[in-house]
Every structure is written in structure tokens, then in C-alpha cells.
Amino acid sequence: MDDDFTISLTPPCLTESLEMAMEVEKENSRPPCFSCTLDNRDGGRNFSVESHLASGSLKRLLLRLDPSPTDYEEDTVEIFGFHWVTEIALVESCRLLFGLLRQHIHKLENLVQMSSSDFGQAANLHSEAGNIRHECIVFLHYVKVFIFRYLESHKTEDDGLLHPYEELEVQLPSVLVEELHALTLHIGHLYELPSSILGAFTIQHQAKLFPPSWHLLHLHLDIHWLVLEILHVLSEKMLRQIVYAHQFMNLTGENLTNISLFEAHCGNLFCDLINLSINKYTKVRPSEALTSHHYPCSCIKELWVLLIHLLDHRNKGSHTESFWSWVNKFLKKVFERPSTAEGMSVFEPVQCKDPLSFSWWIITHLASLYQFDRNGNVEEKVESNWNFVEELLKRSTDAQAAVLEEQVRMHLQCCLTLCSFWNLNLPTVTILWEYYSKNLNSSFTIPWLGLKGLASVSKTPLSMLKLVKSCCSDQQSPDLYKSSNSYLIFLCILAQMMKEAMESNVTHPWKQIKGRIYSKFHQKRMRELTEVGLQNFFNLFLVLAAVAETEDIASRVLDLLNFLSPTSISTSQRALIWRGYFAFLLMYIEKNMDISILAEKLSHAFCEKAKEFLVTKNDHTHKQNLWTPLSTYIDGVQEVFETSWNLNLSQEKLLNDGFSMLLPACRGTELNMVLNFLQDVLSRLRSVHKRMIQGPQLGKTGPNTQLPLVTKEHHLPVASALWRNFFPFLKSQRMSQTLPPPQLADTAAGFTLLALDMPCTAPSDLQPQPVLAMMQLFGWDDMVCPQLVSRYLSHLIQNSTLSEAFSGMGHTSYEALSVRSWFRCILQMYIDQPAGTLTRTDAERTVGKVYVEQLTEMTRLVFKLSEIENIFSKAHFDESVFKQDPKNALVQFIKAVGVTYSGLQTVAEKSAMVTKTLEYLGDVVKYVKPYLQKKGPAEGLQLTYSIIGLVKFWAPILATSKAQQLLFRIIDSLLLPLVVFQQDKELPAVMLSAIRENLPLYLQGLSFICCQSQTQGAYLNQLLGSVIQQYFGRFLPPSPNSPGIGQHPMLLALCNSITVPQTLHLRKTTAHVIKENYLQFKGNSPPPRLASVLAFILQVFQRTKSTEVCDIELFLPAVLKCMVLVNETQVKKLSSEILQYMVEGCQAGLGREPATQLTSVFRQFIQDYTTVYDHQVYSILEVVAVLAQPLVISLIPTITQSLKDSEHKQGLGRNTAQRGSSTLLFPHLQQLGAARSPCQRWWLGSCVGAPSRDH
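Here we summarise the structure given alongside this text. (Residues numbered from 1 in each chain as written. Predicted model: local features only at pLDDT ≥ 70, side-chain atom pairs only at ≥ 80, totals over all residues. Heavy atoms only, no water.)

Let us look at the packing of helix α3 (residues 89–114) against helix α4 (residues 122–150). Relative to each other, α3 and α4 sit at 155 degrees, their axes nearing to 10 Å. The angle between α3 and α4 places the two elements in the roughly antiparallel class. The two elements α3 and α4 meet at a crossing, and its hand is left-handed. Along the contact surface, α3 presents Ala89, Leu90, Val91, Leu97, Phe98, Leu101, His104, Ile105, Lys107, Leu108 and Leu111, while α4 presents Leu125, Glu128, Ala129, Ile132, Glu135, Cys136, Phe139, Leu140, Tyr142, Val143 and Phe146. A class-by-class count of the residues in the contact of α3 with α4 yields 18 nonpolar, one polar and three charged. (Axes fitted to C-alpha atoms, helices over the stretch in contact; angles between N-to-C directions. Helix = DSSP H or I, 4+ residues; strand = E, 2+ residues; numbered from the N terminus. Parallel < 35°, antiparallel > 145°, perpendicular 65-115°, else oblique. Left-handed = near helix turned anticlockwise from the far one by under 90°. Contact = heavy atoms within 4.5 Å. Nonpolar A, V, L, I, M, F, W, Y, C, P; charged D, E, K, R; others polar.)

Side-chain positions along a regular strand alternate between the two faces of the sheet. Residues Phe82 and Trp84 point to one face of strand β2 (residues 82–85) and are all buried, whereas His83 and Val85, pointing to the other face, are not buried. Taken together, the four bridges between strand β1 (residues 76–79) and β2 define a ladder with antiparallel strand orientation. Paired with Ile79 across the two strands is Phe82, which belongs to β2. (Buried < 20%, exposed > 50% of the residue type's maximum accessible area, 1.4 Å probe, protein only. Pairing = 2+ DSSP bridges.)

Let us now look at the environment of Cys136. One can find Cys136 in helix α4. Residue class for Cys136 comes out buried when judged on its relative accessible area of 0%. Separated by 83 residues in the primary sequence, Cys136 and Leu219 place their C-alpha atoms 8.0 Å from one another.

Summed over the entire model, instances satisfying the criterion amount to 32 salt bridges. Residues Glu229 and Lys144 are paired through a salt bridge, measuring 2.7 Å at the closest nitrogen-oxygen approach. Here Glu229 is found in helix α7 (residues 212–237), whereas its partner Lys144 is found in helix α4, with 85 residues between them in sequence. On the basis of relative accessibility, which here comes to 0%, the residue Glu229 falls in the buried class. Among the salt bridges present, the one from Glu434 reaches Lys520, with a minimum N-O distance of 3.4 Å. Note that Glu434 is positioned in helix α15 (residues 426–436) and Lys520 in the loop between α19 (508–518) and α20 (523–528), a separation of 86 residues in sequence. The class for Glu434 is partly exposed, based on a relative accessible area of 27%. Connected via shared salt-bridge partners are Arg95, Arg102, Glu178 and Glu179. (Salt bridge = Lys/Arg side-chain N within 4 Å of Asp/Glu carboxyl O.)

So, on to the side chain of Ser794. You can see Ser794 is positioned in helix α32 (residues 786–796). For Ser794, the side chain forms a polar contact with the main-chain oxygen of Ser790, separated by 2.7 Å. (Polar contact = N/O pair within 3.5 Å; in protein donor to acceptor, adjacent residues only side chain to side chain.)

A contiguous nonpolar patch, built from Ile242, Tyr244 and Ile259 and spanning about 250 Å² of accessible area, is present on the exposed surface. Within the secondary structure, Tyr244 is located in the loop between α7 and α8 (246–252). (Patch = residues over 30% accessible without salt bridge, like charges linked within 9 Å, V, L, I, M, F, W, Y side chains within 5 Å. Areas by Shrake-Rupley, 256 points an atom, 1.4 Å probe, with all protein chains shown as cover.)

Turning to the nonpolar core, a few remarks are in order. Counting residues in hydrophobic clusters, the biggest one holds 423 residues, and the most contacted among them are Phe541 and Phe1162. Here this core gets 14 residues from one element, more than from any other, and that element is α7. Look past the residues within four positions of Phe541 in its chain and what remains in contact with it is Ile517, Tyr518, Phe521, Ile553, Arg556, Val557, Leu560 and Phe584. (Core = buried A, V, L, I, M, F, W, Y, C linked by side-chain atoms within 4.5 Å.)

What follows is the structure, encoded as C-alpha cells:
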């Protein structure tokens, strides 16, 4: 038929009612068509409600039902704008109607050429193009309905004379075949359409307005499918008789039947669809093969599904080719070079660069379309194509073809997907195993994938097992291409096949696969395996063990590994083998199987290597090589315990005596690793044991759930193994000379809690109270490193269960001993710092910072103890203010104890408090002894003297008989060590500095104790005097002008005291020591540093602003002597000032005792020095007369008697010179007048030249 065919027909006249009825029918009846626009009517379907699937059209076709039971029921039908008689239109006007169809197709093609980007015309063009397409579809559906309803297959031309209509009716099948053939030629190949039309596949469906190209493209799809439908209905109606196209055959000489036309058109359609897929595949990456579909839109997808159902339906009924046969036939041609054209029916594929990968890709996606039923719904359906896939597998694994890993991964990923769609197929596994068994040592990497594509040897047993479990998982990772190499994807295929066989209770496939796999491993092959090969070996057998007979496979693995020569195995290979063993152990644990056989073999190998590690001394490289498998074992055991729900599967066999040999040989990071492992095992054991004690939770019991009592019995061997093989080393390290790692304390705390939970498992040397023994070993022993103690106790102090246990034992000193340890840990915080270094390294600063943080945490916990809270509460101290600083917290604690003691009333309370305080202190001198022996470091000495100096606040406690021995030790060790009494030796500067800063605290405290003590008063006074004697001169500057004179510690002690009795005692003792040791003249020679001593005395008077009797008694004679015998200006000045302070102090005093003592001292001074130093004496008295005239007047008799005694001793009569010197006092005494006594008047008269009288 010519495309330019035209016709002019006037529709017959119909009544108005008939026209209205036809309009309603036209609106309500929409024949199924291809539509990729989904709307609300689709309800989440995969296909539009208008599609051939969702509308039920395909189902009716395959069930031989009326294609459109509600359509074309009227006498007339409107086709292409004309009304035709429904029952005869196709017979009478078949060629005419097909000509109109081609005309409408041509009209739609013209619309495509006329279309523009004018949005104003979009709606009109969409509507017009849609109407044209609709008219074409209506006609083809009418043809299908007409054949089903009205075509009579029994009539033939041989039936004799026929009516002209009957002749046309008999010729109709032949004419239909010719017209359908002409129609297929007219529309041509789908993939040959211009790109402007094929591009409509990718149009976004915005507002559902489409250009004419979209309608034309989908009309082509409608025609391609409806031609197949019509031919199928025709074949069914003709009872599968062959229909020949007689006119076509007469004109061309070629055979054309309904069957040949169906096959030709079906082939052309496959040609179109596969070529479209090839074009799409050019843009697909191998890693995106499964997520990139082969159809450009859902209409193509629907067309594939329609072909699947139609061809498989015909295959079952008439033994025609199935869908997969068609696909395989055309895919085989993809591998062939294009030949010369042999006709339109010959498949001419588009050039495909990688036909093998394309075949895998499209088969996988086509297989997924089998899940759609005749209505377009998802269902389980199996229709495999393994035969062709096996051929693809052989191509993919052909060594000569040298297929790249990046392609093989994609091929096997497709194969894995097909396994999920199709049934079991053992040849698939066989083909793949033949390939991989020869390439086990290959890493199967993709260079361009970078690190993700490198061969991955599992670092831990758990990661190895997780990898295997991922291979056995039903849900594969979407990133499988990048995360797994082709060998692992093969294992996924193997696992899926094996699971399907096991679920079907079919043993033959497993025996066949097992036999093929086992046969590839022999001694020579095992010894050829590299590290990567061993990893692949373990992955294979772990997969088999996961899905099949676990024990049988594990036993086979042990036998195969025995083929390996121990001398030829590298360090990394041995570590990998051990990881593989542990992966099997983890699998056993997961399946609740006893691990004793595997564990014994593995632990024996570990013991041998641990022993070798112990005896290897100087070969560092060899030790490193040994540590690799040893660390692997440790990691493996840790993972076994972490993944065990109950420890009842012989896990204790992994904790053998190899650890007792390994631990002493470990250093640094090695030891830390073992201790961290030990902590995890202890924690796991305790948590499992606690869970068992509490019993199985309601609703969580299962077939493998054991009774708590039975399970607890299994925990005893595990705990015993820990005590036996680990604890002896731990115990030996507590006294280590080097700083222990923090993990040692953590582990010791774990053992303590284990002793609390399972006391019967502890060794005999800790019985009968293992918890108490552990605390004494690691928490309360003064010889243990403070870093270890502080971290250890921080784990336990606030443990309520532990506190209850000690209370149950009747051990009431639990808190006090913990406080004592805290006290010691703070005092010894610098114990490991070198004494002579002025600067600390970064490492030392880091360690120090960590320890301070540790002490801060310990302080926080200690302050929560009930005893400490009670002390602070009674003292009205807010501990939250200072507990963030450990040193400050300790200072405040000491003060709080002192305040609390002072507030007690009864003797019993005070006695109990003294006992408790001594428990808190412990042997404090022993704690600081290392500082004193090393004479440093400076921080340690400063901390020692500042903290212990706070005995000032505990003076009432130390004054008791219970505490005096400790007090004597403190004085002897800190203030009066032997070195201070050795003239040829001197205290180090750092120690002197610490003493200088804190001596006031000691002096004030000692002074208080001296006043309080009733039994040791004399000895304590002697000690106080010794301390003052030793340190007064040491801290006295050489010159009175030095700025340090005002900061002399004894001056600070005297000035800062607040209690009067203690101040007076300290002042008197100090004055006595100064007088006896620093103010003694050798003849007339003054003592050394006299000016500085006087300056000190002056500072005392100036700061205290008081004069005591002891000052006059002990200082004044020496000061007057200095004024007489020393001519040094500074000394005279200082002496004069001191004299002035004393005299004025006595004048201001309210009592008579200082004045009396002052008079007594002056009388003795006049008697001692007037004979020789009369001028100096009278000069001094002159000064005193200015300050205190009554004092001098009271001294006149003494002066007179002194003059008489001097003159009598000289025997020269009246001494005019002396009498003249005494006149210096006269101006200050003239105003006394009549108040004079006779002696005073005589003395005045003789001094001014009055006549001499007889005495």
C-alpha cells in the first residue's frame, strides 16, 4: 500500500441517540497501550493501568478470551473518524483500513517534523498527536477483536460457489498476513528510528505533556506488539493452520505465512531490543552493571515481559522456540562479526566492544523480568537459562581469552544474581572451581580501584569470619563489585548453591562438590600456596564449614595444613594460619560446638612459640618475627571470649601456660597488649558469670540454654586458668623498680573483682579472704608504686559490692586504709622524677600530667567515702571547692581533721579520732624517705615539707602519747637529720629551700605540742631548741641590709602565731637559742653576723609590737653589751633601736613584771661596766633617761654605789673623771627637785662639784 493513499468517505447518517451513545463509548473505552506515565490510579504498580499487563490484556490473550469483551458491541464502530459496520468492515475494507492506518502514521510523522519548542503549542500538539496514536491503536485492537469474534476458520475456497462476501471472508486471513507484513515494512526497525525520536525515551514526564516524537515512538511500540498479538490470535483462530499470503507470493515468489511473519517480526523485535540495549550498555560501568537497567523506559521493560510470557506460552503449546532460545540465538550472533545483508529478517547487531560482558548483563536483567506475572505483579517464578550461562562462564574463565579481573567480577556478580533467580546448577560451581583452583595464589585485584582493589588478607579472625558470613548472606552488598574480588564472589555463588542443596535435603550435590574441591589439594599444592593463597584456602573452607558439615571440614583443614613444612612457613603465613584456626573456633562458638580439639592444637603451637620468645634474648629481629604470630593468638583468644555467649565450650584451653612464659619476656607495647587482652577476658568472664547467677531471662531461653549451675561449673576452669597462668606475673610486677604500665593496675582490679565474684577460684596464698589479700597486695601496701595504687583503687573505692564484702568480714579499716593510700600517692607524686634535673622531658611531663589526672579522679572518689564526708561535714568545709586539685585537697583534708578533733568533747571520742588519724597518716616518714635520700627532686621535697608541715593543724593530735613517736620521727627525719650536725657537710640547696618555706609550720606546731605535752615536755623543748639552733643561722643573711631578713622563717613563725601561750613559748625558746649561740662574745670580740642577729631581733619587736619578759631577760644584757663594746655603726644603731623598743614596751606594758625585770637588768649592767666603761654606760643611761626617767631615777642608788665601789677599788680617792661622766644624766634629771632622796641629792651634788663630806 502506498503511504500517499487517500480516501474520501462520508459517514453514514445515524440517529442522534446513536451518536451520543458512541461518544460515551469513545470516552469510557480506552484500549491498552504502552505508557510510561504512572499516576495515582496506578497505586504503586510497576506498570501503568493502561498497560497491556495491568489491564489484563495479555492474560486474556493467553487464556484465549475475548480481547475486549465490552468493546465493539455496537452495530457500528468509529475508526479513523468514519463509522463502519462492526461485523463486516474488516472483510470488506481490510486494505482500505490498513491504508488509513499508514496515513495516520504518516500524519503523526509530519507532526514530529512540524513540532517546535514553543510551549504555547505544546498542549495542542500533545492532544493532536495523542488522538492520532489513539485512533491507530483502536483500529489494531478492532482487528484483533474481529478475528476473535467474526473470523470463521472452517471456510475455504474449495467449498464451491461462494457469495462475494464469503469469498472476501475466506481471503481475509491471507490479506491480513500481507497487510501486517506491509505494516512491519512500513514502520521498519525500532533502533533505526532517528535519534530525535529515540531521544523521547528519556523525556521527563512533567505535567504529562509530551511532544509528538514521544507519541510516535510509543506508537511504534504499540504496533510492534499488536502485530504479534494479531498474528497469535489469527493462529489460534485458524486452529494453528498455516495461512499463506497468496498475492504476495504470486508477486514476489517468496513464501510468506502467518508463522514465518510471526517469527520474522519476533526476530526483528529482538534485534531492535538487543540493539537498544547494546547502545545503552556502552554507558554502563562494570561496577554499575546490576543497577543500570537494559531498558530506556518502562515501556521497553513491559515489552520484554510481554515477549517472555507470549513466547514461553507458545513454546509450551506448539513446541516453538522459548523466550530464552530466542535470546540465546541472538546473543550468539553478538559474538559474531556482522555479515553482508541477507534480507530484512537477518539480525545485524550493532557493533559491541565487549559482547561477553554485554551478554552477562542483559541475561541477568532479563532473568529479573521473569518475576512479573501476566498481570504485571511480582511473583516467584523459575525459568532458568543455565545452559547458555555455562557457555558464558567458560568464556569468562578461559585462560586463553585473558578476561580482565574487572570484567570477571561483573560476570560473576551477574552469575550470583542469576543464582538467586534460578534453581540449583552444579556445573556452574564446577566450571568456576576449575578456574579458581588453578589461581588460588592470585590476588584478583583491579589496579584502577586503588586500595579497595588490593588483595585483602584478613587482619583478625573475626574479620575473616565476617567476610565468610558476608559470602553466605542472602542479602548481598550493593557495593559487592568494589568490596569483593571475583574469588569472593565465586564463594558467594558456592555458598548459595550449597545452601539450596542443604535446604532441599539433597546430599548428592554436596558430596560431588566436596569431592571436586578436596581432590585439588594435596601436599605439593598446599606447599605451593603463598600468603594470599592460604587466605583464599581458608576463605573457601570456612564458607563450606558455614553451610555444610562444620566438623568434617575443620578436620580436613587440619589434615591439609599438616602437609605444610614448619621450616618453610614464613612468619606472616604462620600468623595467617593461626587466624584461620581462630576463625574456625569462632564458627564453632557461633554454632555452640565444643572447641577443645582445635583449641588444644592451637594452644600447643602457641606454647612452643612463647617458650622460644622467652629464651630469645639478644636477637631483636627474631623476637619481632615471633611476636607476629603470638599477637595473632592473643587477638584470636580475645575475639573468642568476646563472641562467646557462655564460656562452656572449653575456652579455658586457650588460656594455657604459654602465657606464663610469654609475660616475663614482654616489654612496652607487647606487655600492654597482653594486659589489655587479660582485662577483656576478666571482664567477659565476670559479666557472663554474673548473668548466669541472675539466671536466664524470661523469654530468652532456647534449646542451647543450660542451667545456671551447670554453666557456672564451666566458668571455674576459666577463672582457675587466669589465676594460674597470669596472676603470678602480675603479683611479681607490683614491686617493680620501673614504672609499671597503667594496664597492670586495671588488670589487678579485674582480678580483685574476680576474687569477689568467684573467691573459691583464687590461689591458696590468697585464701581464706582473697579480696582482702588482693587489696593488701595492690592497694594498701606502702611498697607498691603510687601510680599503680592510685589507678587500682580508683577502680574499687566506690564499688558498693566490695564495701559490703568488707563490712561482712568485719574489716572496719577499709576506708581508712584507702585514705592512707591516697595520702601516700599524693606525697609520692614526684617519686620517679630524677633528683638532679632542672628541666623535664616531654615524656616526663606527659606522664606527670596523666598521673595528676589520675590523682584527681582518685581524690574525687575518696571524698565520697562516708568517713571523709563526715569529717568535712563536722568541720563545715565544702570539699567540692578544692577536690579538683589533689594537693590542695590533701591540705584541706588535714585542716578538716584538725578542726574536727578540736571540736570533740569526750576523751573517748578524741582517743578514737587519734587512732583513726594515725591510720590515715600511716608511716608518713617512710613515704617521703626516697625524697630525703635522693635530696630531690625539688618538687618532691617542697611537697614533703609543705604537707607534713601541716602537723601544725594536727598539733593537738600529735601531742598525745599515741602520736608522739611519729612526731619524733618527723623531726628527726625532716628537720634534724644527722647531716645538719656535721660541720663539714651542708644540706642541699633544694632541701634548704623547702625547709625555709615550711619551717614556720613546724615551729608553731612544735611550740603548741611543747605546751600541751605532759610526759615529754623537756625532750620536746630540747628538740624545738635544736631546730631553732640549726636553722636560725642557716637562714640568717650575712648583712642586715639583705632583703631576706624580713622573710626569715623563724621571724614568720613568731609573727604569724595566733595563740598566746604557744607564741610566748616559741619566742622564749628562740630568744634563749639566739642568746646562747649567736650573742655570746669571745672576750671583747663580738660574735659573727652580729648586725644580722640584731636586725632579726629588731624585726621581731617591730612586727609583734610587744615586749616580753623573756626578751628583757635574754636579749637586753646582750644588746647593752653590744652598745658598750662594739663601735660598729650598724650594730650601735640596731642596738639603740632595740633598746628603745624594749624600754618603750615596758613603759606601755600594764604589768609590773617587765619593768621590774628591766630595772634588774640595768642594775646588773651598771655594776658590770661602770668601772671600765663609765662613759659608755652613762651615755646609754642618758638615752634611757629620755625614754623612761623613772627608770633612771630608780637606778641612781645603783649608780652611786657603783661610783663609790669604783673609787674604793682604785684607792685614789675621788674619781673626778667618772663623776664628770655622770653629769651627762644631769640635764634630764634637774626637774626632779624636792622629790630627791638624800642619796640622790648627794649624787647630784658630788657630780656638780659640791663640797665633799664624810660618808
